[in-house]
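For reference, the chains in residue letters:
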4 protein chains.
Amino acid sequence: MSDVPAVKAALKSQAIETPSWAYGNSGTRFKVFAQPGVPRTPQEKLDDAAQVHAFTGVAPTVALHIPWDKVDDYAALAKYAQERGLKLGAINSNVFQDDDYKLGSVTHPDPAVRRKAVDHLLECVDIMDATGSRDLKLWFSDGTNYPGQDDIAARQDRLAEALSTVYDRLGDDQRMLLEYKFFEPAFYTTDVPDWGTAYAHCLKLGPKAQVCVDTGHHAPGTNIEFIVALLLREKKLGAFDFNSRFYADDDLMVGAADPFQLFRIMYEVIRGGGLTPDIAFMLDQCHNIEPKIPAIIRSVMNVQEATAKALLVDRDALATAQRSGDVLGANAALMDAYNTDVRPLLAEVREELGIDPDPMAAYRASGWADRIVAERVGGEQAGWGA
Amino acid sequence: MSDVPAVKAALKSQAIETPSWAYGNSGTRFKVFAQPGVPRTPQEKLDDAAQVHAFTGVAPTVALHIPWDKVDDYAALAKYAQERGLKLGAINSNVFQDDDYKLGSVTHPDPAVRRKAVDHLLECVDIMDATGSRDLKLWFSDGTNYPGQDDIAARQDRLAEALSTVYDRLGDDQRMLLEYKFFEPAFYTTDVPDWGTAYAHCLKLGPKAQVCVDTGHHAPGTNIEFIVALLLREKKLGAFDFNSRFYADDDLMVGAADPFQLFRIMYEVIRGGGLTPDIAFMLDQCHNIEPKIPAIIRSVMNVQEATAKALLVDRDALATAQRSGDVLGANAALMDAYNTDVRPLLAEVREELGIDPDPMAAYRASGWADRIVAERVGGEQAGWGA
Amino acid sequence: MSDVPAVKAALKSQAIETPSWAYGNSGTRFKVFAQPGVPRTPQEKLDDAAQVHAFTGVAPTVALHIPWDKVDDYAALAKYAQERGLKLGAINSNVFQDDDYKLGSVTHPDPAVRRKAVDHLLECVDIMDATGSRDLKLWFSDGTNYPGQDDIAARQDRLAEALSTVYDRLGDDQRMLLEYKFFEPAFYTTDVPDWGTAYAHCLKLGPKAQVCVDTGHHAPGTNIEFIVALLLREKKLGAFDFNSRFYADDDLMVGAADPFQLFRIMYEVIRGGGLTPDIAFMLDQCHNIEPKIPAIIRSVMNVQEATAKALLVDRDALATAQRSGDVLGANAALMDAYNTDVRPLLAEVREELGIDPDPMAAYRASGWADRIVAERVGGEQAGWGA
Amino acid sequence: MSDVPAVKAALKSQAIETPSWAYGNSGTRFKVFAQPGVPRTPQEKLDDAAQVHAFTGVAPTVALHIPWDKVDDYAALAKYAQERGLKLGAINSNVFQDDDYKLGSVTHPDPAVRRKAVDHLLECVDIMDATGSRDLKLWFSDGTNYPGQDDIAARQDRLAEALSTVYDRLGDDQRMLLEYKFFEPAFYTTDVPDWGTAYAHCLKLGPKAQVCVDTGHHAPGTNIEFIVALLLREKKLGAFDFNSRFYADDDLMVGAADPFQLFRIMYEVIRGGGLTPDIAFMLDQCHNIEPKIPAIIRSVMNVQEATAKALLVDRDALATAQRSGDVLGANAALMDAYNTDVRPLLAEVREELGIDPDPMAAYRASGWADRIVAERVGGEQAGWGA
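Computed from a predicted structure; not experimentally measured. (Residues numbered from 1 in each chain as written. Chains lettered and ligands numbered in written order. Predicted model: local features only at pLDDT ≥ 70, side-chain atom pairs only at ≥ 80, totals over all residues. Heavy atoms only, no water.)

1. A closer look at the nonpolar core
Most often, soluble globular proteins have nonpolar side chains that are buried together.
Moving on, step 1. Phe240 of chain A, Phe240 of chain B, Phe240 of chain C together with Phe240 of chain D are the most contacted members of the largest nonpolar core, which totals 439 residues.
Moving on, step 2. If sequence neighbours within four positions are ignored, Phe240 of chain D has contacts with Cys212, Val213, Thr215, Val228, Ile265, Val269, Ile279, Ala280, Phe281 and Met282 of chain D.
Moving on, step 3. By size, the runner-up hydrophobic cluster in this structure holds 72 residues, among which are Met253, Ala257 and Ala295 of chain B together with Met253 of chain C. (Core = buried A, V, L, I, M, F, W, Y, C linked by side-chain atoms within 4.5 Å. Buried < 20%, exposed > 50% of the residue type's maximum accessible area, 1.4 Å probe, protein only. Contact = heavy atoms within 4.5 Å.)

2. What to know about the interface of chain A and chain B
Moving on, step 1. Counting residues at the interface gives 51 residues for chain A, matched by 51 residues for chain B.
Moving on, step 2. Surface buried jointly by chain A and chain B totals about 4100 Å² across both partners, of which 61% is contributed by carbon and sulfur atoms.
Moving on, step 3. The tally of links from chain A across to chain B stands at 6 salt bridges.
Moving on, step 4. For Asp151 of chain A, the salt bridge identified is with Arg271 of chain B, shortest N-O distance 2.5 Å.
Moving on, step 5. The tally of links from chain A across to chain B stands at 18 residue pairs in polar contact (both at pLDDT 80 or more).
Moving on, step 6. Those elements that provide at least two residues to the side of chain A that touches chain B are helix H5 (152-169), strand E7 (189-190), helix H6 (195-205), helix H7 (224-233), helix H8 (259-271), helix H10 (315-323) and helix H11 (327-338) of chain A.
Moving on, step 7. Of the residues forming the side of chain A that touches chain B, the biggest block, 7 residues, is contributed by H6 of chain A.
Moving on, step 8. When grouped by side-chain class, the residues that make up the side of chain A that touches chain B number 25 nonpolar, 13 polar and 13 charged. (Buried area = accessible area lost by both parts, 1.4 Å probe. Salt bridge = Lys/Arg side-chain N within 4 Å of Asp/Glu carboxyl O. Polar contact = N/O pair within 3.5 Å; in protein donor to acceptor, adjacent residues only side chain to side chain. Helix = DSSP H or I, 4+ residues; strand = E, 2+ residues; numbered from the N terminus. Nonpolar A, V, L, I, M, F, W, Y, C, P; charged D, E, K, R; others polar.)

3. Things to note about the environment of Asp119 of chain D
Residue and element names in this part refer to chain D.
Moving on, step 1. Mapped onto the elements of the fold, Asp119 is located in helix H4 (residues 111-131).
Moving on, step 2. Assessed through its relative accessible area of 44%, Asp119 is described here as partly exposed.
Moving on, step 3. In this structure the C-alpha to C-alpha distance between Asp119 and Ala81, which are 38 residues apart in sequence, comes to 27 Å.

4. Digging into the packing of helix H10 (residues 315-323) of chain C against helix H11 (residues 327-338) of chain C
Residues and elements named next belong to chain C.
Moving on, step 1. Two elements in contact, H10 and H11, have axes separated by 8 Å at closest approach and are oriented at 160°. It follows from the interaxial angle that H10 and H11 lie roughly antiparallel. With respect to the hand of their crossing, H10 and H11 are arranged in left-handed fashion. Two secondary-structure elements touch here, H10 through Leu318, Ala321 and Gln322 and H11 through Gly329, Ala330, Ala333 and Leu334. (Axes fitted to C-alpha atoms, helices over the stretch in contact; angles between N-to-C directions. Parallel < 35°, antiparallel > 145°, perpendicular 65-115°, else oblique. Left-handed = near helix turned anticlockwise from the far one by under 90°.)

5. A few points about helix H3 (residues 74-83) of chain B
Residues and elements named next belong to chain B.
Moving on, step 1. Looking only at H3, the buried set comprises Tyr74, Leu77, Ala78, Tyr80 and Ala81. One side of H3 carries all its buried residues, which in axial view fall inside an arc of 155°. More than 90 degrees from the buried face of H3, the exposed residues found are Gln82 and Glu83.
Moving on, step 2. Contact partners of the buried residues in H3: helix H2 (42-56), strand E2 (61-65), strand E3 (87-92) and helix H4 (111-131).
Moving on, step 3. Capping the start of H3 is the job of one residue whose side-chain oxygen sits 3.1 Å from the backbone nitrogen of Ala75: Asp73.
Moving on, step 4. Positioned one or two residues after H3, Gly85 has a phi angle of 80°, which is positive. (Arc of directions from axis to C-beta.)

6. Overview of the sheet that holds strand E9 (residues 237-242) of chain B
In a beta sheet, neighbouring strands pair by backbone hydrogen bonds and run either parallel or antiparallel.
Residue and element names in this part refer to chain B.
Moving on, step 1. Here 8 strands make up an open sheet; going across it, the order is E1-E2-E3-E4-E6-E8-E9-E10 and the pairing parallel. The sheet is open, and its two edges are formed by strand E1 (18-19) and strand E10 (280-283), each paired on a single side.
Moving on, step 2. As paired elements, strand E6 (residues 175-179) and strand E8 (residues 209-214) share 4 bridges and run parallel to each other. Across the sheet, Glu179 pairs through a bridge with Cys212, a residue of E8.
Moving on, step 3. Sitting on the sheet, H4 touches E3, strand E4 (135-138) and E6, and the angle it makes with E4 is about 150°. (Pairing = 2+ DSSP bridges.)

7. Focus: the relation of the copies chain D and chain C
Think of it as a corkscrew move, a rotation about one axis and a shift along it, taking one chain copy to the other.
Moving on, step 1. Least-squares fitting of chain D to chain C yields an RMSD of 0.0 Å, with the transformation described by 0.0 Å of translation along the axis and a rotation of 180°. In short, the pair behaves as if placed about a two-fold rotation axis. Distance from the rotation axis, computed per C-alpha, reaches its smallest value in chain D at Gly196 of chain D: 2.1 Å.
Moving on, step 2. Most of the interface of chain D is mirrored in chain C: 100% of its interface residues are interface residues there too. (Least-squares fit on C-alpha atoms with pLDDT ≥ 70 in both.)

8. Describing the packing of helix H3 (residues 74-83) of chain A against helix H4 (residues 111-131) of chain A
Residue and element names in this part refer to chain A.
Moving on, step 1. In contact at an axis separation of 8 Å, H3 and H4 are set at 50° when each is read in the N-to-C sense. The angle between H3 and H4 places the two elements in the oblique class. You can see that H3 and H4 cross each other, and the crossing is right-handed. Here Tyr74, Ala75 and Ala78 of H3 come into contact with H4, specifically with Ile127, Ala130 and Thr131.
Moving on, step 2. Here the contact of H3 with H4 is composed, by residue class, of 5 nonpolar, 1 polar and no charged.

9. Here we look at the relation of the copies chain A and chain B
Moving on, step 1. Rotating chain A by 180° about the axis while translating it 0.0 Å along that axis superimposes it on chain B, leaving an RMSD of 0.0 Å.
Moving on, step 2. Most of the interface of chain A is mirrored in chain B: 100% of its interface residues are interface residues there too.

10. Observations concerning the pairing of strand E2 (residues 61-65) of chain C
Residue and element names in this part refer to chain C.
Moving on, step 1. With 5 of 5 residues buried, E2 lies mostly within the body of the structure.
Moving on, step 2. Here E2 shows two buried faces, one formed by Thr61, Ala63 and His65 and the other by Val62 and Leu64.
Moving on, step 3. Once you follow strand E1 (residues 18-19) into helix H2 (residues 42-56) and on to E2, the crossover reads as right-handed. (Right-handed = clockwise from strand over helix to strand, strands pointing away.)

11. Focus: the side chain of Lys137 of chain B
Residue and element names in this part refer to chain B.
Moving on, step 1. You can see Lys137 is positioned in strand E4.
Moving on, step 2. For Lys137, a relative accessible area of 2% gives the class buried.
Moving on, step 3. Reaching out from Lys137, the side chain makes a polar contact with the side chain of Asn92 at a distance of 2.8 Å.
Moving on, step 4. The contacts of Lys137, once residues within four sequence positions are left out, are Ile91, Asn92, Ser93, Leu177, Glu179, Cys212, Asp241, Met282 and Asp284.

12. Examining the packing of aromatic side chains
Two numbers describe a pair of aromatic rings. These are the distance of the centres and the angle of the planes.
Moving on, step 1. Under the counting rule described, the total for this entry stands at 82 aromatic pairs over all chains.
Moving on, step 2. Ring geometry for Phe30 of chain A versus Trp139 of chain C: centroids 5.1 Å apart, planes at 40°, classification tilted. Note that Phe30 of chain A is positioned in the loop between strand E1 (18-19) and helix H2 (42-56) and Trp139 of chain C in the loop between strand E4 (135-138) and strand E5 (143-144), a pairing that runs across two chains. Just as Phe30 of chain A is buried, Trp139 of chain C falls in that class too.
Moving on, step 3. Each residue in the set Phe182, Phe183, Phe187 and Tyr188 of chain A together with Phe246 and Tyr247 of chain C is aromatic and connected to the rest through ring pairs, giving one cluster.
Moving on, step 4. Of note, Lys208 of chain A hangs over the ring of Tyr167 of chain A, and the distance from its end group to the ring centre comes to 5.7 Å.
Moving on, step 5. In this arrangement the basic side chain of Arg84 of chain C is found over the ring face of Tyr80 of chain C, its NZ or CZ atom lying 3.4 Å from the centre. (Phe/Tyr/Trp six-rings, centres within 6.5 Å; stacked < 30°, edge-to-face > 60°. Lys NZ or Arg CZ within 6 Å of the ring centre and 35° of its normal.)

13. Some words on the interface of chain D and chain C
Moving on, step 1. Taken together, the contacts link 51 residues of chain D with 51 residues of chain C.
Moving on, step 2. Here chain D packs against chain C, burying approximately 4100 Å² in sum over the two surfaces, 60% of which is carbon and sulfur.
Moving on, step 3. Among the residues of chain D in contact with chain C, Phe226, Arg233 and Gln322 of chain D are the three that bury the most area, contributing 15% of the side total.
Moving on, step 4. Our count for the contact surface shared by chain D and chain C stands at 6 salt bridges.
Moving on, step 5. The tally of links between chain D and chain C comes to 19 residue pairs in polar contact (both at pLDDT 80 or more).
Moving on, step 6. Put simply, the parts of the chain that give the side of chain D that touches chain C at least two residues each are helix H5 (152-169), strand E7 (189-190), helix H6 (195-205), helix H7 (224-233), helix H8 (259-271), helix H10 (315-323) and helix H11 (327-338) of chain D.
Moving on, step 7. Top contributing element to the side of chain D that touches chain C by residue count: H6 of chain D, with 7 residues.

14. Quick notes on the pairing of E3 of chain B
Two faces make up the sheet, and in a regular strand the side chains alternate between them.
Residue and element names in this part refer to chain B.
Moving on, step 1. Taken across its 6 residues, E3 has 5 buried, putting it largely inside the fold.
Moving on, step 2. You can see the chain leave E2, run along H3 and come back into E3, and the turn it takes is right-handed.
Moving on, step 3. Bridge analysis of E3 against E4 gives 2 bridges, and the strand direction is parallel. Bridging from a neighbouring strand, Asn92 pairs with Lys137 of E4.
Moving on, step 4. One crossover worth recording links E3 to the parallel E4 by way of H4, and it is right-handed.

15. A short note on unusual backbone geometry
Moving on, step 1. For the peptide bond that leads from Glu184 of chain A to Pro185 of chain A, omega is 5°, which places it in the cis range.
Moving on, step 2. Of note, Pro185 of chain A is situated in the loop between strand E6 (175-179) and E7.
Moving on, step 3. One non-glycine residue, Glu184 of chain A, adopts positive backbone phi at about 80°.
Moving on, step 4. One non-glycine residue, Asp251 of chain C, lies in the positive phi region at around 60°.
Moving on, step 5. Locating Asp251 of chain C in the fold gives a position in the loop between strand E9 (237-242) and helix H8 (259-271).
Moving on, step 6. By relative accessible area, which is 6% here, Asp251 of chain C ends up buried.

Shown next, in the form of structure tokens:
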């Protein structure tokens, strides 16, 4: 697509959802390093998210995590968001932090625990009704640590039953996004470890069940863009959780570890017609040592840059080379777009959107970072456990 | 199952298919080390396979590879096998060694190459008609080496079309087994890289299309027994290609690299009701530096030992521990079977089958190894390229 | 070694050090599941460790972790241990949980932070003087999360300087054990990521600096027994941290994920003359979902079983097969020992040691588990952060 | 380094050695796809290499592989090269393709085989004397496929002895480069599997023994630039074998799989003062499906682009951010250089060198590809086995 106006239009209409929890503290099992100025309430998270949107122009929605973002009045929270130019996005369930879930939630051997977990998922749909959210994101930490610990197939049966119950509760315009993860925190089996398992369940559930691809949740060496192409072809790709990693699920800023991979993923998204609101493009990452808001701004920009490069691929030249078996020519057509410096183009896009062409500098200049450090004193900072 | 007679009965009825090509020379891209006495014809491969069956009692069928085992008269070959106590097993297609297949076979951009590949697959079904084989095993080396080289989704379309054509040609009692492989010889994308892709295609094709799990074809760290449990639950597990590896797809003797993993796989097979003739248990491995026939005998024995241990799991104790959330107790129930020395039990099983309790020693004593070295002089030894 | 009395003698003299922190709570970044009865003080940890030693007979020492096990009077703590049949073992430093260490400890860009970290290490040597411990175990979480974050080579310079300072402080009978780790909690570079880095530093420091091999700290597919053989040949293997894992550094019970690997490691230890007090055999693992004490007993037993099998290898037969290039014969010599059920032999060893042949059953029958749940009420349970 | 003239000067003086074998046929164990026009003699390989140098300006030397490039008169071959503007580079030994080496070469249990292997290595030094080559590159395929197959430590002893013999034969201006490889073709142990093993041997041998880092020879996830920084700090980095891969050792074009990684490696080279003739920058890769000469030109260009970006890093800004613990600022300083499109700069460099700014187009236009297809008819094409 060498049609620059069309590229710009696509970039302007892009929407990247930021996760409320990325504004709070996070860390590793070894240590959570608290940062000054971190939000203490869902409202303060939205305040920070509003900054990200203000400076990037393409982050209009915020994903919530229940119970971390539990409030008494979700309609009020939605209004709070709206007043800051935001909308509430996907509702993320949490069935991994209660003591009852030590051996599983929806796949637990004990039906009482399963019921409790399903009740939480249903409660999340209630919240979606209140917030107007379209998507319920389901990630299950369920699995086992030792061979023999539980019955692999029986856990699948329990999973299928729980998903079916929740599916039936979804409204007409609501969806469930089933996320898979290679491992962690389960260390032997994970009940939804790969795209194939998520796909098989979603297929049986029906069109409102879609797969969520978290870019950090694969075995070493897995070709993620292949999975993206496949799920798009099967009409079963519902969302991305973006982040990056060098090793396991390190949750680094998206594009930080392998920007070429992110570009290839975005190319397949565009090739498969996936750059539409039907696919949710969400960040899901931690900022353990770097400041939260600028890290999220940088992440949004990284997605934009990969998207811009992918949009610039000369698809006619590529198709011609592919058809003629010109291996080097086809590779060169792709690399030509990747090697382009798209930062000037994105600066123009931002100016046309009426925002500063340099979001990082503009955020630094805004004084917001100092202000939240000064103002957010006392109380309990938000974090994974809060 | 602590019912020893039942365990023995299961072990006696076990059937492990050996691959004709494992009797020939093989190696790496660096070197194929030829071995004296290696077969020069499909008939000589069957002669060797008959030795394996004679000394193990549980290797009654032999998989063929076309064109490596091409003969003029397949009915005569089937009769040759029968006279040696064998039957011909799965027909393995080969669409990776013709110069036309440099950029793919059934997924090649050029329809003429695709047609040639499909014609070969249909020819394999013709051969199945002649040999009485039930299973067509499909492994495609198809894929790309460089980003951009070809269109990922378009290749899936071509693959689906080819599979559908072949599926329609299958007889009532015939099946196709679709094998997946993480990588090699394609080094960027592989068109059937994981169980999910194979499953998605087989699901659309129908009940005669089943997935073949090759134990060496996964990303590092993949939990293979989980996939086995899942495919059995979905009734889409058709076959195993057994081998083992420490790194990529090293094709070492099954059970040599991780005997505990093989045990866990066999446990899931038994747990899922898969120890039946509906699942084909085949070896698919190379013996690059070790002598072929004893290596295959050892491999068959390794599968037997894993099966015996898996049959010995006290499933009542296991289920009780699992239900009560007794992590260590459940693990111990599994490990107790694994830690059992099943060699005496298998010696008894062999004696009851009327064969020597020590297949390796009996083979060594038989003089066959010396005989084939002496007799098989001249001609061209069989190998991957032959 | 088919000399059964010698095998038994070796097994009786084996000493496996258990880590104080494994008796406390641990978990993942997602959740720490607290367990009833978990110790609240270093003394209670020693009480539990005494149980492990009482029932296994081969766990006479306990590693401490500073500051988690900080007490006012280390001599008194040593006496407390002695009264329970134990000795204090390695002192483990902790320079990863203070807020100052967010960007590193001994490799931090700021010299003040480095000095603080070195001071802690020197304090640990002071504690060794008081406890009579021989070994200072050094694990550094130091590293970076993002390319460019810090200068890789400069961090090595800082590391070398810190190690040298601590080395100079060691007494004549004291050693430092330098542990390496592939990744986590640093997610881009780790300052001591592999055995080569640890080896290079220890070589320059001198004979009192030795490498500690943690079995969970390697890249996927790494051949750990090769590293063991190499370090023994170089006289630079000082200790093991035993645990196991299927994926990253999962810290499962040693021998749980790959018992064959543990056997191969113990074979190389014995082959290289390493089954002596000069090598410290320590557990370093977490018990996130299983009860602590029985899990540690099981772990000790797993090491014993691997050791027993390794001792049973017929090294003459092995050497003969190796010399003659008999690949299958050599492999069979090793596997013959591995496939042996050594549990009866170990039961005998225990009876000769005057303890119950079944440590797990004896512990269960002892009532200790119930007692600590009843008695250890109130206070703060020990854990990684405590 | 924002000093553009200095950047250009560095780029002009860069020298990338191409390997004679990359001009010949290569493939996988499944198939070698022959290409028309492939050289049949060492001289024809030099003819092709001269094209690469003519169009890139920075590939003045060619590595030889013995016996693949065996000739009667090496001085004449050197003169042949010189007449085409080339010099002969490193001599690569081959002790993996003779039938005697099935179980090893310099580490083989049989001293006669070891002697044969060492004799070949000494012969290679003789050839170096004749060609004027500085570097002997040693890669050993030695290892084992099965646990127990041979004694790990004894093989190290044999390796040390062989290396020592060859080291003693080196002339004053000659070096040996010891290459390590994670696995393949050995599938259980490899005798030089990692940088640590190569380093330990080189350290004992002396200053003329240096480590060669092949970018495709590491475990999954290994941080290669860390190793580069370490070896430079230790003054033990002698050379690179450049290539890239997504999975095992796929030998794709350098920079094709992960251009960001190549940039990080080149940054560490420059940071450590390694962009000098003391470090040999060599390609070692296969072109299985793409045409050889353009693939090598593209590879040279990929190294140039990574080098250019690494030279453009603003090291003052980077150091300032690193010193102040500004994680995002330091990362941004690095990424700013990486995101720069350096193709215009390299076009200028080429024009200043007096060559075409677009090497790929210029090669295509030259007619060389058609000419070699037309002229190189008959004879035996060069390849790994030839």
